[in-house]
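Residue strings, one per chain:
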Amino acid sequence: MESIRTSISETQAREILRSYYSLDGELSVLPGDSDLNFRVDQNGNPQYVLKISRDDSGYDNIRFQTELLDHLNNNSQIKCPKFVASSNGKVIEIFKDDVGKERLVRLLEWMPGRLWSEVNPLTDTLRLQLGRYCGQLTSALQDFNHSYA
């Protein structure tokens, strides 16, 4: 079965943000591997990331991602974005797009910083810090079990 990946406009994303989270702000598109991502700025500062799944992501995949971040936030010192519950108290909401496909919606707190791919120069000290961080991440995930993994 072929996926129809329809885009979500900033106007639609803003309506999703208002409807599910009772929030407003300036939206800008962020790059993403599979999700459609929007940075949400309030008073000129980034506050959130609105994530809208493509239409074929599947609930199990999104639930896995959600539980993995929750595990890291609750069982490690690693700084990860936290989910913001919707007005309905859910961390995953369902939105039907213009062609009737269900999209899974999540809102996360904004994490300031730079992408590794944009860091220049890559010093030995930064590489050592990255290696340590990867070790901490591996250690923190040792006791994480999920059927989707």
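This is a predicted model, so every value here is computed, not measured.

**Looking at the pattern of salt bridges**
Thought 1: Applying the stated criterion across every chain yields a total of seven salt bridges.
Thought 2: Asp-41 serves as the salt-bridge partner of Arg-39, at 2.9 Å between the closest nitrogen and oxygen.
Thought 3: In this structure Arg-39 comes out as partly exposed when scored by relative accessible area, which is 26%.
Thought 4: Among the salt bridges present, the one from Arg-63 reaches Glu-67, with a minimum N-O distance of 3.0 Å. Taken together, the residues Arg-63 and Glu-67, both in helix α2 (residues 59-75) and four residues apart, mark about one turn of the helix.
Thought 5: Counted as one network, the salt bridges with shared partners bring together Asp-35, Lys-51 and Arg-106.

**A few points about the environment of Gly-100**
Thought 1: Examined against the element boundaries, Gly-100 turns out to sit in the loop between β4 (93-96) and β5 (102-109).
Thought 2: Residues Gly-100 and Asp-55, spaced 45 residues apart in sequence, show a C-alpha to C-alpha distance of 9.5 Å.

**Remarks on the sheet that holds strand β3 (residues 45-52)**
Thought 1: With respect to topology, five strands assemble into an open sheet ordered β1-β2-β3-β5-β4, the strand pairing being antiparallel. Looking at strand neighbours, the two that pair on one side only are β1 (26-30) and β4, the edges of this open sheet. On average, each strand axis in the sheet is inclined to that of its neighbour by 35°, with strand direction left out of account.
Thought 2: Looking at chain direction, β3 and β5 are connected through five bridges and run antiparallel. Considered in β5, the bridge of Tyr-48 is made with Glu-109.
Thought 3: Its contacts with the sheet put helix α1 (residues 10-21) on β1, β2 (36-42), β3, β4 and β5, and the angle it makes with β1 is roughly 120°.

Calculation rules
- Within each chain, residues carry numbers counting from 1 in the order of the written sequence.
- Where totals are concerned, whole chains, interfaces and linings use all residues; where local detail is concerned, this predicted model gives features only for residues with pLDDT of at least 70, and gives and counts side-chain atom pairs only at 80 or more.
- Side-chain metrics in this entry use all non-hydrogen atoms of the structure; hydrogen atoms and water are not considered.
- Salt bridges are defined as contacts in which a side-chain nitrogen from Lys or Arg sits within 4 Å of a carboxyl oxygen from Asp or Glu.
- We call a residue buried when its accessible area falls under 20% of the maximum for its residue type, exposed when it is over 50%, and partly exposed in between, using a 1.4 Å probe and counting protein chains only.
- Secondary structure elements follow DSSP: runs of H or I of four or more residues count as helices, runs of E of two or more count as strands, with numbering from the N terminus.
- Criterion used throughout: strands pair if DSSP finds at least two bridges between them.
- The convention used is that axes are lines fitted to C-alpha atoms, helices contributing only their stretch in contact, and that angles between N-to-C directions extend from 0 to 180 degrees.
- We call two residues contacting when some pair of their heavy atoms lies within 4.5 Å.

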